[in-house]
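What follows is each chain in one-letter form.
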Amino acid sequence: MSDNSDLDPSIAALLAEAEANDISENVDVSEFDSGSGEKFSMKAFAEKTKMFGSSKSSENKASSPKSIHEVDLSKKEFPKVEVFLNDQKSDIFDDTKFYKTTLTGENQYAQRIHQVLSKYLVCTDSKDRTVYRQQITSAYWELIRGLAPKMSDMNLPMCKRMLVRFGVLLPSLFKPEQKEFFSKIFFENKTGEPVLYVDEWFKEIASGRLSNSMTDEKRTPHKAANAEEAAQMEQTRLMQLQSKNSGKLQSAENLLNIKENERAMLEAELKDRIEILCDHMPIMGMEPHKQSYTETQKRLFTEITDKLHRLSRNDKELSRCLKDYEDAKGVFSSVENKLSVNGPQQHTADTGAVNTEFETVRQMAKMTVGRQGNQFPLFTREFFHCTEKGTGTRENVLDILRWVESIDPGAFCRVHKNVPNRIPPYVLLIPTYGDRGFCWEPFDRYNRVTSRGRIVIPMYPRDLKIAVLTAVADLRWQVAKEKASYYWMEEGLTGQYYQFIDRQKLKGDLKAFFIEDYVLWMTKEANGVQRLDKEVRGIFWRNMPFPKELKEDLRKRSLVYDDLCIKDHNRAMSDGY
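Read on for an overview of the structure. Counting restarts for each chain: residues are numbered from 1 in the order of the written sequence. With the structure being a predicted model, the display of local features is reserved for residues of pLDDT at least 70 and the display and counting of side-chain atom pairs for 80 or more, all residues being used for whole-chain, interface and lining totals. To get the side-chain values, all heavy atoms of the structure are used, and hydrogens and water are removed first.

Topic: the overall build of the protein chain
Then, number 1: The helix and strand tally for the protein chain stands at 19 helices and six strands.
Then, number 2: Any residue under 20% of the maximum accessible area for its type is buried, any over 50% is exposed, and the rest in between are partly exposed; the area is computed with a 1.4 Å probe on protein chains only. Taking all 577 residues of the protein chain together, the buried fraction comes to 46%.
Then, number 3: Accessible surface area values rest on a Shrake-Rupley calculation with a 1.4 Å probe, where residue burial reflects the displayed protein chains alone. Accessible area for the protein chain stands at about 30700 Å²; split by element, carbon and sulfur atoms hold 50% of it. Here a strand is any run of E in DSSP of at least two residues, a helix any run of H or I of at least four, and the numbering for each starts at the N terminus.

Listed below in structure tokens is the structure:
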């Protein structure tokens, strides 16, 4: 779209029509016609695309044991994505009133973005286009500020959601193949994983199911204006407490299961040893007398004593785990009872929470792009150069996260009481032309055990795999740093890596060095291509180990990896491992 000849011929007519009508006035959705000449029905379209689901699907969802906000510790990996695109494409981007409907009824910045966009699309001077781009960016975010609280409205026109989700304001800025691709993207979350588009993110914030992202600013407590608002705030608090305690309950049950399995294993081994100890051969010619203990049986005395000591320790630990589980279950039941007593309430959108989150999301978008990046917020073929697999859709990102976990199994694990718990983070997909993902927070500050972290992925990067890897690397670094606390420069992954960088006398951002090395670790070293320093390779090998099968494959390729496997074996044989 470098010149006017590259513009779609329909744009001029579309803009002219919008110019003739005051965009800022309120217009009923039913006034807009579809491309086929039929009246555009939001309800009919929602049912067709299953964006909001039918009553039957709602019942199935209600009966589902887990929501995206509940951490399921029984899951060991992300589900394999079998279908990336819908077979039938939506006709939302074919609606001739898409542009007008999107801007109608919004704040004054809708008119502003229309005016500037009209000039930008026909401008040929590069300096003027740069100025217009900056003005569009500013007006866009103010427009989204007004749109964000509306994402919880079930009757909101889909084109407004598409603006927030994909940055699409003018479908005419698509190339034909791009329009077809975006029309086939699944609008609903079929995976059940906590990977959300921006409009879904605002919707979850408004409903109270998702808390506001952590910021450095101190928040002033909000007081209820009336009894109804107070009751709703209490209901929201109870729902958040239930979600938080659900994770604690799972963690306590997980630990209890581990100790019970350990006891069963020890008891089975003890029975086996006692059976061997009590088995005596008869003395030939002196029946029915039997032989005394053999040397092998005498050695079992020490082993049986050791088993008994281990059972005694296990019993103390099991009793502790059982008490923790009973306490967690009691709190969970208490909160559940309070919720049932209050009954289901119609939850109105929490506008204050959404407005607060909007500022955070805007900052997130800037961070994905960087200071020198392209801040233009609208989708346009001028800047979109991704392949279908390289676009940050929910399914594509999940597929890459599954690949990451297949190479780095501990990427999303946090250790609690020496037990690793797999806790995938929330993933926010932002429609920007950025290239780097990042971790916004490693976990909730009030629940470090089972709460999800939050990572952000740009949807239109040059390399989606690298964007996801940088986000996972950032998450790994922050989790390791928080775990080591005050000793992060001395202990664990961060301590060992810091000491290496310090010895090398390298200057710069320590975390940036780590992220770059992690990308090499996942893309090169995992394939047997040696790109890291020997010491860094050893640090990563010990702290972020590859799966056993991959290690065995790598040791066949090079003596470097064979030596690391030998060191693994030696550590396993030592008492200090």
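Brief notes about the packing of helix H14 (residues 464–484) against helix H15 (residues 492–504)
Then, number 1: For helices, the fitted line uses only the C-alpha atoms of the stretch in contact; every axis is such a line through C-alpha atoms, and the angle between N-to-C directions lies from 0 to 180 degrees. Packing of H14 against H15 leaves a shortest axis separation of 7 Å and a crossing angle of 100°. As summarised for this structure, H14 and H15 are arranged roughly perpendicular, according to the angle between their axes. Contact with H14, carried on its side by Trp-477, Ala-480, Lys-481 and Ala-484, involves Leu-493, Thr-494 and Tyr-497 of H15 and no other residues of that element.
Then, number 2: Each residue receives one of three labels: charged for Asp, Glu, Lys and Arg, nonpolar for Ala, Val, Leu, Ile, Met, Phe, Trp, Tyr, Cys and Pro, and polar for the others, Gly being one of them. Across the contact of H14 with H15, the residue classes tally to five nonpolar, one polar and one charged. To sort the angles, those under 35 degrees are grouped as roughly parallel, those over 145 as roughly antiparallel, those from 65 to 115 as roughly perpendicular, and the leftovers as oblique. Any two residues whose heavy atoms approach within 4.5 Å at even a single point are treated as in contact.

Section: the nonpolar core
Then, number 1: Buried Ala, Val, Leu, Ile, Met, Phe, Trp, Tyr and Cys residues form a nonpolar core when they are joined through side-chain atoms within 4.5 Å. Of all hydrophobic cores here, the largest spans 120 residues; its most connected members are Phe-166, Phe-182, Phe-202 and Phe-540.
Then, number 2: Counting residues per element, this core draws most heavily on H14, which supplies 11 residues.
Then, number 3: In contact with Phe-166, other than residues within four places in its own chain, are Phe-93, Phe-182, Ile-185, Phe-187, Tyr-197, Phe-379, Pro-431, Met-459 and Tyr-460.
Then, number 4: Formed by 10 residues, the second largest nonpolar core is a distinct cluster that contains Leu-249, Leu-256, Tyr-325 and Ala-328.

So, the sheet that holds strand S6 (residues 454–458)
Then, number 1: Strands are labelled as partners when DSSP assigns at least two bridges between them. Taken together, four strands build an open sheet; the order of strands is S1-S4-S6-S5 and the sheet is mixed. Looking at which strands have only one partner, the edges of the open sheet turn out to be strand S1 (195–197) and strand S5 (438–441). Sheet twist, expressed as the average angle between the axes of neighbouring strands with direction ignored, equals 30°.
Then, number 2: Where S1 meets strand S4 (residues 426–430), three bridges bridge the pair, whose relative direction is parallel. Bridge pairing in S4 links Val-195 to Val-427.
Then, number 3: On the sheet, H14 packs against S5 and S6 and is oriented at approximately 160° with respect to S6.

Thoughts on the pairing of S6
Then, number 1: Within S6, five of the five residues are buried, which leaves the element mostly enclosed by the surrounding structure.
Then, number 2: Here S6 shows no split at all, with Arg-454, Val-456 and Pro-458 on one side and Ile-455 and Ile-457 on the other all buried.
Then, number 3: Here S4 pairs with S6 via five bridges, running parallel. Looking across to S6, one finds that Leu-429 is bridged to Ile-457.
Then, number 4: Sheet analysis places S5 next to S6, joined by three bridges and oriented antiparallel. Residue pairing in the sheet places Cys-439 in a bridge with Ile-455 of S6.

Digging into the environment of Ile-205
Then, number 1: Examined against the element boundaries, Ile-205 turns out to sit in helix H9 (residues 198–207).
Then, number 2: The class for Ile-205 is buried, based on a relative accessible area of 2%.
Then, number 3: Taking the C-alpha atoms as reference, Ile-205 lies 9.9 Å from Gly-352; in sequence the two are 147 residues apart.
Then, number 4: Sequence-distant contacts of Ile-205, that is, excluding residues within four places in its chain, are made with Leu-210, Ser-211, Asn-212, Ala-353, Val-354 and Glu-357.

Details of helix H19 (residues 559–573)
Then, number 1: To estimate how far a helix should extend, the number of its residues minus one is multiplied by 1.5 Å. The terminal C-alpha atoms of H19 lie 21 Å apart, and with 15 residues this matches the ideal 21 Å at 1.5 Å per residue to within 8%.
Then, number 2: Residues of H19 that are buried include every one of Tyr-561, Leu-564, Cys-565 and Asp-568, and no others. Projection of H19 onto a plane perpendicular to its axis shows the buried side chains occupying an angular sector of 100°, all on one side. Facing away from the buried side of H19, by more than 90 degrees, are the exposed residues Leu-559 and Met-573. The reported arc concerns the directions from the helix axis to the C-beta atoms and nothing else.

Overview of the pattern of salt bridges
Then, number 1: Salt bridge, as applied in this entry: a Lys or Arg side-chain nitrogen positioned within 4 Å of an Asp or Glu carboxyl oxygen. In this structure the tally under the stated criterion is 34 salt bridges.
Then, number 2: A salt bridge links Arg-273 to Glu-303; the shortest N-O distance between them is 2.6 Å. Linking Arg-273 in helix H10 (residues 227–277) with Glu-303 in helix H11 (residues 295–342), this pair joins segments that are 30 residues apart in sequence.
Then, number 3: We classify Arg-273 as buried; its relative accessible area is 19%.
Then, number 4: Salt bridges linked by common partners bring Glu-142, Arg-145, Glu-359 and Arg-362 together as one network.

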